[in-house]
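Understanding the architecture of this molecule
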Amino acid sequence: MMGLQEELRCASDAMIQWASKDNDDNSNNNQSNTPSQSTIALASGCQLFMKYVTRCFLELPDFTECKKQVLERGERFAGISLAARDRIAELGQEFIQDGQCVLVHGRSRVVGALLIKAATMYHKHFEIIVLEGRPDAGGCKVAKEFTDAGIPCSVVLDSAMGYVMERVDLVVVGAEGVVENGGIVNKIGTFALGVVAKEMGKPFYVAAESYKFARLYPLNQADLPDLTTKKLTFVDTAAAQSQSQAQSQSQTQSVSLDHHAAASTSTLTLASTQNSNNCSIPGLVVLPESIKVENPPCDFTPAKYITLLFTDLGVLTPSAVSDELIRLYQ
């Protein structure tokens, strides 16, 4: 029994370690400036599953029967986790009304399911403003999903959250983890968004599955678990667009040249492209080595900035999270 439990614990630790490591292979996929994902949700899910396993060991002394129950409970746990998103979407859509403007931050599957369900199944007419979601452009990616579902959608810079907040009726975000004091850990920028929403009197809702409830009690940003972050680059997009337009105009002019000149231009353009590929991204701002660049993937949003949490356990106030955690781990 103890050997099986230890193997499951080692497997859990291995998954968390794999998820948190800084994978150099991503640099070959143009993702070198993307921060590593938080492992809070994975860690809390593994802890919750281990609780089920430990209870199984206590209830069933026979090894064969215990092993069978572990597999059955694992499948049941996975099924409950998958069904959680639909349950949350059903509860949360009731807070979306016709004519509203919803502000979204980050690429959360549960938030996406909630808003798309409200629009497609309940035929509610509303619009969405999505923050860009630097550095991985998560907001830009999820905006396409909303548009494909027929929901009017706009994308703005992260730094424009205060500017658009006066047009917004409510804010909906996901969470990497829901902590014991009712706060959340989520994509960087969520804390600032919560502060702005509270200052301007806008409801701030969080949609998260119960397996993301974590036995953590941070009081500030310094209390968050250490997260490996990847190199962050800065690009002057205005300069990059100007450079792209200039190159486009140059290529257009080269088409009007005679065949011999066009061949020469083609050779020069190819050489220029090769040199460009060897150098850097258009508009890349190169900073001196003496300047330190920080790239935190997540931040902590205290409970006082959160209106309600939409979970598969029901619609909760932040103060109810600690009670639900106790029930989950009883």
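For the structure, check the block above.
What comes next concerns the included structure. All of these numbers come straight from a predicted model, not from anything done at the bench. (Residues numbered from 1 in each chain as written. Predicted model: local features only at pLDDT ≥ 70, side-chain atom pairs only at ≥ 80, totals over all residues. Heavy atoms only, no water.)

**Thoughts on the sheet that holds strand β5 (residues 177-178)**
- Taken together, three strands build an open sheet; the order of strands is β5-β6-β10 and the sheet is antiparallel. Two strands bound the open sheet, and with one partner strand each, they are β5 and β10 (298-301).
- With two bridges joining them, β5 and strand β6 (residues 184-187) adopt antiparallel strand pairing. The partner of V178 across the bridge, within β6, is I184.
- Along the sheet face, helix α7 (residues 190-199) touches β6 and β10 and points at about 35° away from the line of β10. (Pairing = 2+ DSSP bridges. Helix = DSSP H or I, 4+ residues; strand = E, 2+ residues; numbered from the N terminus. Contact = heavy atoms within 4.5 Å. Axes fitted to C-alpha atoms, helices over the stretch in contact; angles between N-to-C directions.)

**Overview of the side chain of D299**
- With respect to the secondary-structure elements, D299 resides in strand β10.
- As a buried residue without a salt bridge, D299 has its nearest oppositely charged side chain in K187, at a separation of 10.0 Å.
- Polar side-chain contacts of D299 include one of 2.8 Å to the backbone nitrogen of G189.
- At a separation of 3.3 Å, a polar atom in the side chain of D299 contacts the main-chain amide nitrogen of F191.
- Setting aside residues no more than four positions away along its own chain, D299 makes contact with I184, V185, N186, K187, I188, G189, T190, F191, Q221 and L224. (Buried < 20%, exposed > 50% of the residue type's maximum accessible area, 1.4 Å probe, protein only. Lys, Arg positive; Asp, Glu negative; His and termini not counted. Salt bridge = Lys/Arg side-chain N within 4 Å of Asp/Glu carboxyl O. Polar contact = N/O pair within 3.5 Å; in protein donor to acceptor, adjacent residues only side chain to side chain.)

**Overview of a nonpolar patch on the surface**
- Among the surface-exposed residues, F234, V285, L287, I291 and V293 lie close enough to one another that they form a single nonpolar patch of about 360 Å² accessible area.
- Tracing the chain through its elements places V285 in strand β9 (residues 284-285). (Patch = residues over 30% accessible without salt bridge, like charges linked within 9 Å, V, L, I, M, F, W, Y side chains within 5 Å. Areas by Shrake-Rupley, 256 points an atom, 1.4 Å probe, with all protein chains shown as cover.)

**A word on helix α10 (residues 321-328)**
- All of the buried residues in α10 are V321, E324, L325 and L328. The buried residues of α10 all sit within an arc of 105° when viewed along its axis, so they share a single face. (Arc of directions from axis to C-beta.)

**Some words on a negative patch on the surface**
- Taken together, the side chains of D62, E65, E72 and E75 present a region of like negative charge at the surface.
- With respect to the secondary-structure elements, D62 resides in the loop between α2 (40-59) and α3 (63-92). (Charge placed at Lys NZ, Arg CZ, Asp CG, Glu CD.)

**Some words on α7**
- Among the residues of α7, those classed as buried are T190, L193, G194 and A197. Down the axis of α7, the buried side of the element spans an arc of 100°, and every buried residue falls inside it.
- Within two residues after α7, G201 carries a phi angle of roughly 70°, on the positive side.

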